[in-house]
Amino acid sequence: MTTHGSTRRKLMTTAGALAAALTVPHPAAASPAPTSGAARTQPPQQLVLPRPTGRYPIGTHTLRLVDRSRRDPWVPSRPFREFVIQLWYPARRATGGRRRAPWMTPAAARHFQGSGLLPTGYVVLPTTHAAQGAPARPVAGRSPVILYSHGHGQHRSSSLSLVEELAAHGYVVVTIDHTYDAGQVEFPGGRVETYGMPELTPALPPAEELRIVTKAVRVRVADVRHTLAELERLVRYGSPGLPVGLRDVMDLTRTAMFGHSLGGATAAEAMCAGLPIAAGANLDGSLFGEVVTRGLDKPLLLLGADRTDDATWQDTWPHLRGWRRFLRLTGSEHFSFTDYETLLPQAAARLGATPEQIAAFLGPLEWQRSLAVQREALLAFFGLHLLGRPAPLLSGPTAQYPELVFRRAVGS
């Protein structure tokens, strides 16, 4: 019998819940006033994303998608479903002086910083390593396509340190903002839609919580289905404003997916629903929907935080009939699989957070090592299932990566 005792803890990931979890001062306004005179004169901390290790420069391009076949499931007054995707891809080195894209677009960033852990006045959000609209670069022909789905209440760049790594190694990565499930989504023209699905509060009965979350996964799977259809259309017909060469480098016959938290659950359920996704990776997300009982014939990587094994993973494991791995990252916590892992340690002193608070939120594993292991695990997984490359890292415990603990025997 599946239990969801940890579900609410994992899914209450709006900015307020995150700030409460870390217990750093939570701003009531977009530009909070520090309490001490010294703090008032201290400049904000500039945050920096870790550099990808791949050989290729990165380009990026953002698209608004409209699915007129369905009304918005969270805001019934919206006559159609509307969301945003962003493509990250290998780019030609000659970028023509193009600006690097921001980690979050300006209007979305204002909302994010006004309600979260990285507030205006304390930190400056990072820029990415991707040039906006740069011409795409062929990598041994066409590149496999990997979709990314964010955690509940988060946003499409939540795990950009992993996304950029994949793009720099030759993949096209498509990040999806799930409107009203995301904390904020900025559309062309500066309109911002904020969180709009029912709040998952402690007072919510477990059965109602499960109903809401299961619906959220169905909505996300439909977003993924529409994204794949739009990508197919782009490859076939192109689109005004699409970066030069981008339609020619995407290989939609080799498509995979990964996500954090509810995004990881989305990846598994999308494969179960029959979408043309060859392999999926779930980063610390409880599973919901039919995949728990029906299972999968396709490869699934379950990579979790350093805690008691997720009950839904245990229930699903016997129904996974294809390649499967059930791993734990020693010294990690739920948000170790997001950019908080790299950004919060940089911001800690400016926020007044102690090393003990940061470790309680992100785990004791040093962030550079945590990110390196995650990057290597994803590169091994997608290299194996999209490119046919050997993946000894995922074959069993290794001395090089002792932090990866195999919770289920490979052949079991």
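The name recorded for the protein in an unreviewed UniProt entry is Alpha/beta hydrolase family protein, from Streptomyces galilaeus.

A few points about the overall build of the protein
Looking only at helices and strands, the protein has 13 helices and 15 strands in total. Taking all 412 residues of the protein together, 59% fall into the buried category. Residue pairs at least 24 apart in sequence account for 75% of intrachain contacts in the protein once pairs closer than 6 positions are excluded.

A word on helix 8 (residues 262–272)
The buried fraction of helix 8 amounts to 11 of the 11 residues, a majority that puts the element mostly inside the structure. Looking at helix 8, one finds that the buried residues are L262, G263, G264, A265, T266, A267, A268, E269, A270, M271 and C272. Positive backbone phi, at 90°, marks G274, one or two positions downstream of helix 8.

Remarks on the packing of aromatic side chains
One pass over the structure, following the stated rule, counts 11 aromatic pairs. Between the aromatic rings of Y148 and F258, the centroid separation amounts to 5.1 Å while the plane-to-plane angle is 55°, which identifies the pairing as tilted. You can see Y148 sitting in strand 7 (residues 143–149) and its partner F258 sitting in strand 11 (residues 250–260), a full 110 residues away along the chain. For the pair formed by Y148 and F258, the shared burial category is buried. Taken together through their ring pairs, the aromatic side chains of Y148, Y171, F258, W323, F381 and F382 make up a single cluster. Here the guanidinium or amino end of R68 rests over the ring plane of F80, the centre of that ring lying 4.6 Å away. Looking at R408, its charged tip hangs above the ring of F326, at a distance of 4.7 Å from the centre.

What about the pairing of strand 8 (residues 172–177)?
Working note: regular strand, side chains alternate between the two faces of the sheet. In terms of burial, strand 8 is a largely internal element, six of the six residues being buried. The alternating pattern of strand 8 places V172, V174 and I176 on one face and V173, T175 and D177 on the opposite face, and all of these are buried. The sheet contact formed by strand 3 (residues 81–90) and strand 8 spans five bridges and is antiparallel. Pairing of W88 across the sheet is with V173, part of strand 8. In terms of strand pairing, strand 7 meets strand 8 through five bridges, oriented parallel. Residue pairing for strand 8: S149 is matched across the bridge by I176.

Quick look at unusual backbone geometry
Here A140, not a glycine, exhibits a phi torsion of approximately 50°, which is positive. Along the chain, the position of A140 falls in the loop between strand 6 (127–132) and strand 7. Owing to a relative accessible area of 83%, A140 belongs among the exposed residues under this scheme. Even without glycine at this site, S261 takes up a positive phi of about 60°. Relative to the helices and strands, S261 is located in the loop between strand 11 and helix 8. Using a relative accessible area of 2% as the deciding quantity, one classes S261 as buried.

Concerning the environment of Q184
Examined against the element boundaries, Q184 turns out to sit in strand 9 (residues 184–186). Its relative accessible area of 5% is what places Q184 among the buried residues. Placed 73 residues apart in sequence, Q184 and H111 show a C-alpha to C-alpha distance of 7.2 Å. Leaving out residues up to four positions away in the same chain, Q184 has contacts with M104, A108, H111, F112, H155, D177, V192, E193 and T194. Only 3.1 Å separates the side chain of Q184 from the side chain of H111, close enough to count as a polar contact.

Conventions we followed
Residues numbered from 1 in each chain as written. Predicted model: local features only at pLDDT ≥ 70, side-chain atom pairs only at ≥ 80, totals over all residues. Heavy atoms only, no water. Helix = DSSP H or I, 4+ residues; strand = E, 2+ residues; numbered from the N terminus. Buried < 20%, exposed > 50% of the residue type's maximum accessible area, 1.4 Å probe, protein only. Contact = heavy atoms within 4.5 Å. Phe/Tyr/Trp six-rings, centres within 6.5 Å; stacked < 30°, edge-to-face > 60°. Lys NZ or Arg CZ within 6 Å of the ring centre and 35° of its normal. Pairing = 2+ DSSP bridges. Polar contact = N/O pair within 3.5 Å; in protein donor to acceptor, adjacent residues only side chain to side chain.

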